[in-house]
Amino acid sequence: MGKDRTPIRTCVVCGQKKTKSTLLRMALDCREKGRIVLDLQQVREGRGAYVCPGCLPRLRFTRRVQKAFRNRANGLADEIFMSEQLITKR
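The model shown is predicted, which means the values in this text are computed figures rather than measured ones.

Cut-offs applied
- Residues numbered from 1 in each chain as written.
- Predicted model: local features only at pLDDT ≥ 70, side-chain atom pairs only at ≥ 80, totals over all residues.
- Heavy atoms only, no water.
- Helix = DSSP H or I, 4+ residues; strand = E, 2+ residues; numbered from the N terminus.
- Contact = heavy atoms within 4.5 Å.
- Polar contact = N/O pair within 3.5 Å; in protein donor to acceptor, adjacent residues only side chain to side chain.

Observations regarding the environment of R9
Residue placement: R9 occurs in strand β1 (residues 8-10). Through-space distance from the C-alpha of R9 to that of S21 is 9.2 Å; in sequence the pair is twelve residues apart. If we ignore the near neighbours within four places in the chain, the residues touching R9 are Q16, K17, K18, K20, L23 and Y50.

Quick word on the side chain of R25
Note on placement: R25 falls in strand β3 (residues 24-29). A polar contact of 2.6 Å, which involves the side chain of R25, links it to the side chain of D39. Within the structure, R25 has its side chain in polar contact with the backbone oxygen of G46 (distance 2.9 Å). Not counting the four nearest positions on each side in its chain, R25 is found in contact with V37, L38, D39, Q42, R44, G46, R47, G48, A49 and Y50.

Structure below.
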C-alpha cells in the first residue's frame, strides 16, 4: 500500500464518495441498546457508517442506514439531532 493513498468512504444519505477526513463517522452505542450516535473522534469500536456534514440534517433511519450497520441498529440517538445544530453552525 502506497503512502499517498487516502481512505475513501460513501455517505449513507447522498451516496457520494469522499475522503474519510471530510465525512462524519457514526457508530453503534452499546449503552443505548444499538442506537446510532456520532463518533466525532472516530474512536468507537465496531462497524461505522459515514455521512456528509451537509447531509446530516437529512439523515433518517432508512433501510440504507440499517444495512450499513448490518441490521444491528435500532434507531438514531437523540444526540445526533443536537450535534447537527452544532456542526452546521461551524
